Amino acid sequence: MREIVLDTETTGFEPGEGDRIVEIGAVELYNHMPTGKVYHQYINPERAMPQGAFEVHGLGDEFLRDKPVFKKVGQAFLDFVGDATMVIHNAAFDMKFLNAELGWAGFRLLPNSQALDTLAIARKRFPGSPATLDALCRRFGIDNSAREKHGALLDSEILAEVYLELIGGRQPDLVLAPTGHNDGQDQSAPAWRATARPTPLPSRITEEERAAHEAFVAKLGDAAVWNS
């Protein structure tokens, strides 16, 4: 099962009012385990950065001036996501911006059904409690000390840890899962499980140890569990 944990940074709150995406960060999970594959892109919004947004993420006009516009990177982003589930904190916000940018650039849109909202999961699991990313990090003991400002890639990496805790930990089914996958492998094959040895290993207990144990049990009387 392939999932993409994703975050964006923007110039504001409403693409309909001219706000744009300035950063996308995403990390790949396979069977709920990070594979090490990431997507990270700064984007020239083709507009000035409002002071309020700059104070949130620290991405200013000078830094973004030489970055590509969304139309130049949109296809690479879609290729990375593919048909994987997108795990997003407050998915409605990021999805409206992603689909606005994709639509303006002439790319296919992403269905909202492809997104999984960790904010909704957190609110359902911990009703009445704060459900911000920072609050969830505190709840699960996840180190977010490097998060002085919002950053799409760092936030997606932190969200991946939060998401795995929200669904019950890295290995909720207690079955060892692969940390990656190869296109040439048969993904339909059942998960590996240990089986009994065809030939049992020989006993490592010496005759002296066996005799000493029998003498010890004899002293305990008939009620000893070894006599059951």
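The coordinates are above.
Report follows, based on the coordinates. Computed from a predicted model, the values in this text were never measured in an experiment.

**Quick word on the overall build of the chain**
Part 1 of the argument: Across its full length, the chain holds 8 helices and 5 strands.
Part 2 of the argument: Counting only residues that meet the buried cut, the chain has 39% of its 228 residues in that class.
Part 3 of the argument: Surface summary for the chain: the accessible area is close to 13,800 Å², and the carbon and sulfur share equals 53%.

**Re the packing of helix α6 (residues 133-140) against helix α7 (residues 152-166)**
Part 1 of the argument: The N-to-C vectors of α6 and α7 enclose an angle of 50°; their axes lie 10 Å apart at closest approach. In terms of orientation, α6 lies oblique with respect to α7. Between α6 and α7 lies a crossing whose hand is left-handed. Packed against α6, whose contacting residues are Leu 133, Leu 136, Cys 137 and Phe 140, the element α7 presents Asp 155, Ile 158, Leu 159, Val 162, Glu 165 and Leu 166 at the interface.

**Remarks on the pattern of salt bridges**
Part 1 of the argument: One pass over the full model with this rule turns up 7 salt bridges.
Part 2 of the argument: A salt bridge links Glu 101 to Arg 20; its shortest N-O distance comes to 2.9 Å. You can see Glu 101 sitting in helix α4 (residues 91-105) and its partner Arg 20 sitting in the loop between β1 (2-10) and β2 (21-30), a full 81 residues away along the chain. Each member of the pair, Glu 101 as well as Arg 20, is classed as buried.
Part 3 of the argument: Two residues, Lys 67 and Asp 66, come together in a salt bridge whose shortest N-O distance is 2.9 Å.
Part 4 of the argument: What makes Asp 66 exposed here is its relative accessible area of 62%.
Part 5 of the argument: Salt bridges linked by common partners bring Arg 20, Glu 46 and Glu 101 together as one network.

**Observations regarding the side chain of Thr 8**
Part 1 of the argument: Relative to the elements of secondary structure, Thr 8 occurs in strand β1.
Part 2 of the argument: The buried category is assigned to Thr 8, whose relative accessible area is 5%.
Part 3 of the argument: Of the polar contacts made by the side chain of Thr 8, one reaches the side chain of Asp 94; its length is 2.6 Å.
Part 4 of the argument: Residue contacts for Thr 8: discarding those within four places in its chain leaves Ile 21, Glu 23, Ile 24, Asp 94, Leu 98 and Ala 152.

**A short note on the pairing of strand β3 (residues 33-42)**
Part 1 of the argument: Relative to β3, β2 runs antiparallel, the two sharing 7 bridges. Bridge pairing in β3 places Tyr 30 opposite Met 33.
Part 2 of the argument: Linking two consecutive strands that pair antiparallel, namely β2 and β3, is a turn of 2 residues; a positive phi of about 55° is found at Asn 31 within it.

**A word on the side chain of Asp 19**
Part 1 of the argument: Within the element layout of this structure, Asp 19 appears in the loop between β1 and β2.
Part 2 of the argument: Accessibility expressed as a relative area gives 9% for Asp 19, which makes it buried.
Part 3 of the argument: Of the polar contacts made by the side chain of Asp 19, one reaches the backbone nitrogen of Glu 14; its length is 3.1 Å.
Part 4 of the argument: For Asp 19, the side chain forms a polar contact with the side chain of Arg 47, separated by 3.2 Å.
Part 5 of the argument: When near neighbours in sequence (up to four residues on either side) are disregarded, Asp 19 contacts Thr 11, Gly 12, Phe 13, Glu 14, Arg 47, Phe 97 and Trp 104.

Procedures and definitions
Residues numbered from 1 in each chain as written. Predicted model: local features only at pLDDT ≥ 70, side-chain atom pairs only at ≥ 80, totals over all residues. Heavy atoms only, no water. Helix = DSSP H or I, 4+ residues; strand = E, 2+ residues; numbered from the N terminus. Buried < 20%, exposed > 50% of the residue type's maximum accessible area, 1.4 Å probe, protein only. Areas by Shrake-Rupley, 256 points an atom, 1.4 Å probe, with all protein chains shown as cover. Axes fitted to C-alpha atoms, helices over the stretch in contact; angles between N-to-C directions. Parallel < 35°, antiparallel > 145°, perpendicular 65-115°, else oblique. Left-handed = near helix turned anticlockwise from the far one by under 90°. Contact = heavy atoms within 4.5 Å. Salt bridge = Lys/Arg side-chain N within 4 Å of Asp/Glu carboxyl O. Polar contact = N/O pair within 3.5 Å; in protein donor to acceptor, adjacent residues only side chain to side chain. Pairing = 2+ DSSP bridges.

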